[in-house]
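Each chain, written out:
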Amino acid sequence: MRTASSLNPMKKASERTAMEAALHLLGYRAQSEWEIRTKLRRKGYGGAEIDKAVEALHREHYLDDQALAEEIFEQYRESMRYGDRYIQNKLRSRGLSLDRHLTVEEEMEKAEAALRLKREFAPGQSSDFRRAAGFLLRRGFSGSVVSAVLNRIGVEDDSF
């Protein structure tokens, strides 16, 4: 007797090889080696099978952590919304590291741009020192940059 699953030419996830599962994951978005290894482990693949798949992915240039880290860094850098700490945390959360950082001048420029954008959508909140500072700190800007930007654009600290 034929069942619905026998009519379906696609394999079930549990029947895929580690390489097929990794390629499926990479079909959604570029991923780091750490992400691929973690996801394959969660799916129940063994260490040797994962190592073999990762090695093949590197050989075929499907995995390149350095290029991925550079791409992610540039995307966040160009977005004009995030500080260096935020970007570095995003890279670490994906198992990546990069020796590039935003300069203080770039962070100042991006903090001002983020605050200007916030003022367009929530005018009252961005003129309150604590709210504006919290907003910028959550976006990964350093305390010294936040303080300098808020002082430069004239946000008053009414907490004293």
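Residues numbered from 1 in each chain as written. Predicted model: local features only at pLDDT ≥ 70, side-chain atom pairs only at ≥ 80, totals over all residues. Heavy atoms only, no water.

(A) Main features of the overall build of the protein. When its secondary structure is counted, the protein shows 10 helices and 0 strands. For the protein, the sequential pattern of α-helices and β-strands runs α-α-α-α-α-α-α-α-α-α. Partitioning the intrachain contacts of the protein with sequence separation of at least 6 by distance along the chain shows that 60% fall at a separation of at least 24. Surface accessibility of the protein: about 10,300 Å² in total, with carbon and sulfur atoms responsible for 50%. (Helix = DSSP H or I, 4+ residues; strand = E, 2+ residues; numbered from the N terminus. Contact = heavy atoms within 4.5 Å. Areas by Shrake-Rupley, 256 points an atom, 1.4 Å probe, with all protein chains shown as cover.)

(B) Just helix α2 (residues 18-26), in detail. Among the residues of α2, Ala-18, Ala-21, Ala-22, Leu-25 and Leu-26 are the ones counted as buried. Looking straight down α2, one finds its buried side chains confined to an arc of 140°; they lie on one side. For α2, the secondary structure elements touched by its buried residues are α3 (33-42) and α4 (47-59). (Buried < 20%, exposed > 50% of the residue type's maximum accessible area, 1.4 Å probe, protein only. Arc of directions from axis to C-beta.)

(C) Layout of the confidence of the model for the protein. When pLDDT is averaged along the protein, the result is 86; 84% of the residues meet or exceed 70. Note that residues 1-12 has pLDDT below 50 and, in this model, 2 contacts with residues that lie over four places away or in other chains. (pLDDT = per-residue confidence, 0-100.)

(D) Broad picture of unusual backbone geometry. Despite not being glycine, His-61 shows a phi value in the positive range, around 65°. Within the secondary structure, His-61 sits in the loop between α4 and α5 (65-79). Its identity is not glycine, yet Met-80 carries a phi of approximately 65°, on the positive side. If you trace the backbone, Met-80 turns up in the loop between α5 and α6 (84-93).

(E) Inspection of the packing of aromatic side chains at higher detail. This structure, assessed with the given rule, holds 3 aromatic pairs. Taking 5.4 Å as the distance between ring centres and 80° as the angle between the ring planes, the aromatic pair formed by Tyr-76 and Tyr-82 counts as edge-to-face. Among the residues examined, Tyr-82 registers a relative accessible area of 18% and is labelled buried. Judged by centre distance (5.8 Å) and plane angle (65°), the ring pair of Tyr-76 and Tyr-86 falls under edge-to-face. (Phe/Tyr/Trp six-rings, centres within 6.5 Å; stacked < 30°, edge-to-face > 60°.)

(F) Quick look at the side chain of Glu-107. Within the fold, Glu-107 resides in helix α7 (residues 104-121). For the buried Glu-107, no salt bridge exists, and the shortest N-O distance to an oppositely charged side chain is 6.7 Å, to Arg-85. If near-sequence neighbours (up to four positions away) are discounted, Glu-107 is found in contact with Gly-83, Asp-84, Leu-102, Gly-140, Phe-141, Ser-142 and Val-145. (Lys, Arg positive; Asp, Glu negative; His and termini not counted. Salt bridge = Lys/Arg side-chain N within 4 Å of Asp/Glu carboxyl O.)

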